[in-house]
Amino acid sequence: MFDHLKHLSKQANFFLGNRWNSPLHTAAATEMMSCLWPSSDDFYHPLNPMFTPFFAETRQVTAYDVVLLRDGAHTLLDFYMRFPAPKKSRTLFLVNADLYFLVPEPWRPQTLAYRIDYKYEAPTKKLVFYGLISESFMAWNRFRHHIDKWLKQFSPDAEVSAYLAIRNEPMNHNWDDKTLAFEVTAGIQNYFKNKIEFLNFDNLKKQGSNPEATFVSLDLLRTAVGFCAMENMFMGQAIKVHPRGIYQAFNGEKIGEWPLSFGHKMSIYQGECPDSDYSTFFFMKKMNAYPLTPKLLDTLAARLTVV
Amino acid sequence: MRLSTSVIFYVVQLFSAISNRGMLKVCVVYSFKPSAWVSCQKIVTNLLKAYELNQDQLELTLVDFSNRITDYDFVASGTKLVNAKPDVVLFLDHQPHPVYFLSWVMREFREIDHTPAFVFHLYGDFSLTFKEWVALEPLIEKANVLWYAASERQKAMLTEFIPEEQLHVCPFPVDPKEFRWNGKRDEAFRKEMGWKDDETVFIFTGRLSRQKRIHQLLSTFAEWRRETQANARIVFVGDPDKVGEPWLGKPEYDSEYFHDLMEIMDEMSEDDRAHVHFTGFRPNKELPRFYHAADCLVNISVHNDEDYGMTCAEAQASGLPLILTDWAGFHGFQRPGLENEVQLVPVRIDPKGKLINLKALKRAFSHMHENHKSFNREKIARTSLEWTSVANVANIVSRNPTRFKVFSKFLPLMHHAGHREYYTKHNTFSDFKKKSFNDLYMKVYRHYVRPS
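All of these numbers come straight from a predicted model, not from anything done at the bench.

### Description of the interface of chain B and chain A
At the junction of the two partners, chain B supplies 21 residues and chain A supplies 26 residues. Sorting the residues of chain B by area buried against chain A places B:Y253, B:F258 and B:H259 first, and these three jointly supply 32% of that buried surface. Run the count over chain B and chain A and you get 2 salt bridges. Residue B:R68 is joined to A:D202 by a salt bridge in which the shortest nitrogen-to-oxygen separation is 2.5 Å. Every element with two or more residues in the side of chain B that touches chain A is listed here: α9 (256-267) and β9 (276-280) of chain B. Looking at which element gives the most residues to the side of chain B that touches chain A, the answer is α9(B), with 6 residues. Residue classes in the side of chain B that touches chain A are distributed as 10 nonpolar, 4 polar and 7 charged.

### Describing the sheet that holds strand β6 (residues 159-166) of chain A
All names here are of chain A. Read across the sheet, 5 strands follow the order β7-β6-β5-β8-β9 without closing on themselves; strand pairing throughout is parallel. Edge positions in the sheet fall to β7 (197-198) and β9 (240-241), since each of these pairs with one other strand and no more. Each of β5 (126-133), β6 and β7 is contacted by helix α6 (residues 180-189), which is oriented at about 160° to β5, the strand it contacts most.

### Quick notes on the pattern of salt bridges
Residues and elements named next belong to chain B. Across all of its chains, the model carries 34 salt bridges over all chains by this definition. Among the ionic pairs, K49 bridges to D175, the shortest N-O distance being 2.5 Å. One end of the pair, K49, is in helix α2 (residues 38-52); the other, D175, is in the loop between β6 (167-169) and α7 (187-193), with 126 residues separating them in the sequence. By relative accessible area, which is 27% here, K49 ends up partly exposed. A salt bridge links E223 to K362, with the nearest nitrogen and oxygen atoms 2.8 Å apart. One end of the pair, E223, is in helix α8 (residues 214-228); the other, K362, is in helix α13 (residues 358-371), with 139 residues separating them in the sequence. Here the salt bridges share partners, and the residues they tie into one network are R185, E187, R190 and D295.

### Some points on the sheet that holds β9(B)
All names here are of chain B. Taken together, the 6 strands give an open sheet; going across it, the order is β9-β8-β7-β10-β11-β12, and neighbouring strands pair in parallel fashion. Two strands in the sheet have a free side with no partner beyond their single neighbour: β9 and β12 (342-345). Each neighbouring strand pair of the sheet contributes to a mean axis angle of 25°, computed without reference to strand direction. Judged from the 6 bridges that link them, strand β7 (residues 200-205) and strand β8 (residues 232-237) form a sheet pairing that is parallel. What sits directly across from F202, in β8, is I234.

### Looking at the packing of aromatic side chains
As enumerated under the stated definition, the model contains 65 aromatic pairs over all chains in all. Where A:F79 meets A:W107, the ring centres are 5.7 Å apart and the plane angle is 45°; that geometry is what we call tilted. Of this pair, A:F79 sits in helix α4 (residues 73-82) while A:W107 sits in the loop between β3 (92-96) and β4 (111-117); the two residues are 28 residues apart in sequence, bridging distant segments of the chain. Like A:W107, A:F79 is buried. Plain terms: the ring middles of B:W147 and B:F410 are 5.6 Å apart, the flat faces sit at 50° to each other, and that makes the pair tilted. Residue B:W147 is found in strand β5 (residues 144-149), and its partner B:F410 is found in the loop between β15 (405-406) and α16 (412-423); the two are separated by 263 residues along the sequence. We note that B:W147, like B:F410, is buried.

Quick notes on the rules
Residues numbered from 1 in each chain as written. Chains lettered and ligands numbered in written order. Predicted model: local features only at pLDDT ≥ 70, side-chain atom pairs only at ≥ 80, totals over all residues. Heavy atoms only, no water. Contact = heavy atoms within 4.5 Å. Buried area = accessible area lost by both parts, 1.4 Å probe. Salt bridge = Lys/Arg side-chain N within 4 Å of Asp/Glu carboxyl O. Helix = DSSP H or I, 4+ residues; strand = E, 2+ residues; numbered from the N terminus. Nonpolar A, V, L, I, M, F, W, Y, C, P; charged D, E, K, R; others polar. Pairing = 2+ DSSP bridges. Axes fitted to C-alpha atoms, helices over the stretch in contact; angles between N-to-C directions. Buried < 20%, exposed > 50% of the residue type's maximum accessible area, 1.4 Å probe, protein only. Phe/Tyr/Trp six-rings, centres within 6.5 Å; stacked < 30°, edge-to-face > 60°.

Here it is in structure tokens:
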């Protein structure tokens, strides 16, 4: 199977989703990509990394031999709701292993799982937190109760920087004042003795040449992205990337490895996921007006094992 | 050569300034925020050290001009410079472009009727900012100006744009406190890295970039090893980038070049792969150990910005023999007396791309493999530092006052390139229809190869 995957990667056309002249570049996809930016930035991988919002019609789902889905739970659920079965599509998909339990039964024969093997070392004295601050992506109601416990793995004396990208809510258009960014900032600041230094994206990229830094994502649930462009960038610079949360439900058979940088790699898995929660999520999603309501996020968060 | 009256007047004025006050007032303008390019960070730091060595003649005032400087800080920096009423304004950094600072500063100088002299150290990105240089022309017109290229080949290229008599060569300095030959190969580090005692270790340091031809270096090394059965290894220290070949219509995405390299590795035999080592990014402070443990530095870059080659200068200062392409600033590392220790691989320039003579590269591998043990590494380091050390650069820049010439205009090609840059949105040297270099590129960059 892994040889077949390698073969597909060599003949696959690399998809350039964010190019303005891409035929798949719909307004809805563009909006979603901007809500996820910079996590949604394009990067190259032979397995054709892309997001499902670019698939607007069935014929587009059949257009590629292999697609590495970079989606988080949010857009992945949306995709499976729009395309509950593959129909004529023979495309081989790869889904983040932590989200494999969301893959509906009809899709599973042509869906592999991937897991990023972070070159993990103990956190350094300089921590750089980064994440998308959006109620659609952060299960803050649940996470706020765990943040102290989660932060205990880091030294309170560490130097702390944060890149908090405040983004539009992709589906939820209520106009209430949002306090999430302040609450997240306070949640982190309360633990550390040093003042948080806030970064913009350019300054975040410059941290890449700092070998003393460890990058820590706040998207622990993988609700926003399964394979983040920022993570890819940090890994490419051989920077220490702190592993994100892992769900326990997946136990597939490892069929191979793919290097992502000189220090990090991606493991590819095949196999059945014993736990099939798709129908539950599907039902919950149908009952709610928006793809990931707080309740649904809460359900996802309950499955999380904090690393 | 006849000196113009104004030059004589200016030199007299400068020397009288020195004799009256004993010191020449120099404002050094550079970005206090370090550049994203590691080599530029080191260049600025070392150039500053060179000027500081002349502090018995120069009264230095440091002025910050950074990218994204706030309006308040911009005015504060400008005011600091104007109030200092310097004899010379010196631009050390490659970014931001001086025009954005001088457009404000020169207006203030005009109000107090003061015109300083200007020194510009030019970098490889000179050819990416023609528009800005053209805009600078009226601001420095009639002022005394001195332009420094980092190498002879860069100087030759710049003569297309700047009057030759105003151009001089000043290498980017190396600090011997950081890079020098310690007297013996670092066997402990070789052991730590898993390199065998008896194998020849070729090393590349820097960004792994398509224009630096890492893919060709990798496959040619493997081929050469298979053909000669040489006991050798190649080590790459650095990260892949995504610069691509924009002027040939080949942009690149994050990780694209990394996966291309991995594909070449995939196609190699197990034995070939065992003799290739990618370390990934390593901090600058670790580089001296790599240079002391390796046997030869190899860099076959044909990058458009290769005006000098900071890593080559540092490696040579650490006593390493070099295999380099005969391209741009690399040519300058074959100093007299080092013809054996520095092997230059010929390059041909063509509208479709730059062609490296790979047979010559294999010959250079063999030459170094057979001879590296007989080279006197102390001599390599000494000869290199005679030219590139901070002390020598201090000596070169101490002659600044005698070298100023009145600036009137850039040469017509600068205006042509500036217009082209504007109308083609920075694809100045590209023929997009043919996906090749255009005539302008061939005219300008022909200076980067050995004249045929």
